[in-house]
Amino acid sequence: MAKTNALNVRLYAGSGTSSKDLSGDVSALTNFGISANLLSVSTLADAAEARIQGSQSSTIGVSSFFDTSLGHTVWSGLPTGDQNVMIPMQSGTLGGATLHTKALQANYNTSGDAGTSPVSCEVSYESTGGSDNPAFGVSLTAGKITSASAENLADVDNTTATTNGWTACLFCFSIASGSIIVKLQDSPDDVTYTDLTGGTFSTLSGVGSEIIASASGASVARYVRASLTSTYGTAVLAVSFNRK
């Protein structure tokens, strides 16, 4: 496994009808990962505390420069609904590591010293938990990609099939015209591909983001790719995929 630095990390956030790349304002991300609630199930017969894993959650800390044209427009309203959040940790790399989750924005705080430092802001996202998120995965796009017409994107090879289900996240940042349908497909041999059951995102005719998930225990073959269909003008998008 290759080590990596924090260069080319990205932060995307939005709801079902919004999609923003906030990377140009963000200076640091902290604590993005997965935590599990540990539930005590100790009995009199146990010699030590017995615990089992409960629901999972994540907290994402964001340090950003204050920018009235980008970050401020997204965070200052403190949205009350779930936000879709994607963090590509190796942006520009097909198959690069990602994190995606549904989360609530918990705060928006600004600070700055006159003449000595730029105005900065701190934001945190708290995931809504549940069995389907948060999730570490891989990018099915080489960063934010631009597509001008229907196409099958290059595959990501997991080297083996899995049978524990999956989750996926789509961000569409712009679309010039028409509508786009993004589907997830798998293959055992990188030749014949079939659509994953439940693996079609909602049709988009504008910006938007969505997280979808399979039924528990769904199988995924060795190779996975994103397939872009329908008739559309130039679209800019990113897709993350997680095998459970």
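About the cut-offs
- Residues numbered from 1 in each chain as written.
- Predicted model: local features only at pLDDT ≥ 70, side-chain atom pairs only at ≥ 80, totals over all residues.
- Heavy atoms only, no water.
- Helix = DSSP H or I, 4+ residues; strand = E, 2+ residues; numbered from the N terminus.
- Rg over C-alpha atoms; globule rule 2.2 N^0.38 Å.
- Contact = heavy atoms within 4.5 Å.
- Areas by Shrake-Rupley, 256 points an atom, 1.4 Å probe, with all protein chains shown as cover.
- Buried < 20%, exposed > 50% of the residue type's maximum accessible area, 1.4 Å probe, protein only.
- Polar contact = N/O pair within 3.5 Å; in protein donor to acceptor, adjacent residues only side chain to side chain.
- Pairing = 2+ DSSP bridges.
- Disulfide = S-S within 2.5 Å.
- Phe/Tyr/Trp six-rings, centres within 6.5 Å; stacked < 30°, edge-to-face > 60°.
- Lys NZ or Arg CZ within 6 Å of the ring centre and 35° of its normal.

Examining the overall build of the protein chain
Helix and strand content of the protein chain: 1 helix and 19 strands. Taking 2.2 N^0.38 as the reference for a compact globule, 244 residues should give roughly 18 Å; the C-alpha atoms of the protein chain span a radius of gyration of 19 Å, in line with that estimate. Dimensions of the protein chain, computed from C-alpha atoms along their principal axes, come out at roughly 65 × 60 × 35 Å. Counted over contacts in the protein chain with a minimum sequence separation of 6, partners at least 24 positions apart contribute 74%. Of the roughly 11700 Å² of accessible surface on the protein chain, 51% is carried by carbon and sulfur atoms.

Re the side chain of Gln83
Checked against the element boundaries, Gln83 lands in strand β7 (residues 83-88). Residue Gln83 is classed as buried on the basis of its relative accessible area, which comes to 10%. A polar atom in the side chain of Gln83 sits 3.4 Å from the backbone oxygen of Gly81. Non-local contacts of Gln83, meaning those with residues more than four positions away in its chain, are made with Gly14, Ser15, Thr101, Lys102, Ala103 and Tyr125.

Focus on the environment of Ser69
Inspection of the secondary structure assignment puts Ser69 in the loop between β6 (59-65) and α1 (71-75). Taking the relative accessible area as the measure of exposure, Ser69 reaches 59% and is therefore exposed. In sequence terms Ser69 and Arg243 are 174 residues apart; their C-alpha atoms lie 36 Å from each other. One polar contact links Ser69 to Asp67, side chain to side chain, over a distance of 2.6 Å.

Focus on the pairing of strand β9 (residues 120-127)
Pairing of β6 with β9 involves 7 bridges; the strand directions are antiparallel. Bridging across to β9, Thr59 finds its partner in Glu126. Bridge count for strand β8 (residues 97-111) against β9 is 8 bridges, and the pairing is antiparallel. The residue of β9 that forms the bridge with Gln105 is Tyr125.

Section: the state of the cysteines
Per the counting criterion, the structure on display carries 0 disulfides. Just so you know, Cys169 is unpaired, no disulfide at all, and the nearest cysteine sulfur is the one on Cys172, 12 Å from it. Accessibility expressed as a relative area gives 0% for Cys169, which makes it buried.

What about the packing of aromatic side chains?
Aromatic ring pairs are reported here in terms of the distance separating the ring centres and the angle at which the planes meet. Following the criterion strictly, the structure yields 5 aromatic pairs and no others. Linked through ring pairs, Tyr12, Phe171 and Phe173 together constitute an aromatic cluster. The ring of Phe173 carries Lys144 above its face, with NZ or CZ at 4.6 Å from the centroid.

Side note on the environment of Asp67
Tracing the backbone through its elements, the reader meets Asp67 in the loop between β6 and α1. For the pair Asp67 and Ala2, spaced 65 residues apart in sequence, the C-alpha to C-alpha distance is 34 Å. Beyond its immediate chain neighbours, meaning those up to four positions away, Asp67 contacts Asp25 and His72.

What to know about the side chain of Ser240
Relative to the elements of secondary structure, Ser240 occurs in strand β19 (residues 235-243). We classify Ser240 as buried; its relative accessible area is 0%. Here Thr98 takes part through its side chain, which lies 2.7 Å from a polar atom of the side chain of Ser240. Leave out the neighbours within four places in its chain, and Ser240 touches Met86, Thr98, His100, Val138, Ser139, Thr167, Ala168 and Cys169.

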